[in-house]
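Observations on the three-dimensional arrangement
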Amino acid sequence: MIYSVQQFRKEIIDQPHPRSLGKWLKLAALGLFQSSLVMGLSYLNLQTMSSGSVSTLASMNPIWFVFSVFGSFNAGTASFNESGS
């Protein structure tokens, strides 16, 4: 457990964060879009899948979102430095 907390701190918290309001607003818009997309797709999935499967997919979606966003930042495809976009 302690190792996972230290690993989380090293990989997520100690990473550079956006410094401008515009970049924070872009992240907020992305999060809002992701949340509304999950809710909409969950509603559609409930018509064709069991509720247990839908709840599993819906609860894992934020995890996929975090891995995709921070994975792309770590891969160098996105940057939060002052001079770059």
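Our structure's up above, just so we're on the same page.
All residue numbers refer to position in the chain's written sequence, counted from 1. Per-residue local features are limited, in this predicted model, to residues with pLDDT of at least 70; the limit for side-chain atom pairs, both in listing and counting, is 80 or more; totals at the level of whole chains, interfaces and linings are taken over all residues. With hydrogens and water excluded, all non-hydrogen atoms of the structure serve as input to the side-chain values.

Attention now goes to the overall build of the protein chain. The numbering of helices and of strands both runs from the N terminus, where a helix is a DSSP run of H or I of at least 4 residues and a strand a run of E of at least 2. Counting its secondary structure elements, the protein chain contains three helices and zero strands. For the protein chain, the α and β elements follow one another from N to C terminus as α-α-α. Taken across its 85 residues, the protein chain has 12% of its residues classed as buried. Taking as baseline every contact in the protein chain between residues at least 6 positions apart, the subset at least 24 positions apart corresponds to 56%. Only protein chains enter the area calculation, which uses a 1.4 Å probe; residues under 20% of their type maximum are buried, those over 50% are exposed, and those in between are partly exposed. The contact definition used throughout considers only heavy atoms, calling two residues in contact when any of these lie within 4.5 Å.

Glancing now at a nonpolar patch on the surface. There is a patch of nonpolar side chains on the surface, built from Met49, Leu57, Met60, Ile63, Trp64, Val66 and Phe67 and spanning about 640 Å² of accessible area. Looking at the element boundaries, Leu57 is found in helix H3 (residues 51-74). Here the term patch refers to residues with relative accessible area over 30% and no salt bridge, with like charges joined within 9 Å and nonpolar side chains (Val, Leu, Ile, Met, Phe, Trp, Tyr) within 5 Å. Only the protein chains shown count as cover for residues, with accessible areas throughout obtained via the Shrake-Rupley method and a probe of 1.4 Å. By definition, a salt bridge exists where a carboxyl oxygen of Asp or Glu is found within 4 Å of a side-chain nitrogen of Lys or Arg.

An α-helix turns once every 3.6 residues. As a result, residues three or four positions apart point the same way. Its 25 residues give helix H2 (residues 21-45) an end-to-end C-alpha distance of 36 Å, which sits within 8% of 36 Å, the value for a rise of 1.5 Å per residue. Among the residues making up H2, those that are buried are Lys23, Gln34, Val38 and Ser42. Here a helix's expected span is defined as the number of its residues, less one, multiplied by 1.5 Å.

For the rest of this paragraph, the subject is the side chain of Gln34. Summarising the element assignment, Gln34 is placed in helix H2. Residues in contact with Gln34, not counting those within four places in the same chain, are Asn61, Pro62 and Phe65.

Here we take up the environment of Val54. Inspection of the secondary structure puts Val54 in helix H3. The exposure class assigned to Val54 is buried, which follows from its relative accessible area of 6%. Linking Val54 and Tyr43, residues 11 residues apart in sequence, is a C-alpha distance of 8.8 Å. In contact with Val54, other than residues within four places in its own chain, are Ser42, Asn45, Leu46 and Met49.

Here the focus is the side chain of Ser42. Following the sequence through the fold, Ser42 ends up in helix H2. Residues contacting Ser42, with those up to four places away along its chain left out, are Val54 and Ala58.

A few words now on the environment of Gln34. With relative accessibility at 14%, the residue Gln34 sits in the buried group. Taking the C-alpha atoms as reference, Gln34 lies 8.9 Å from Asn61; in sequence the two are 27 residues apart.

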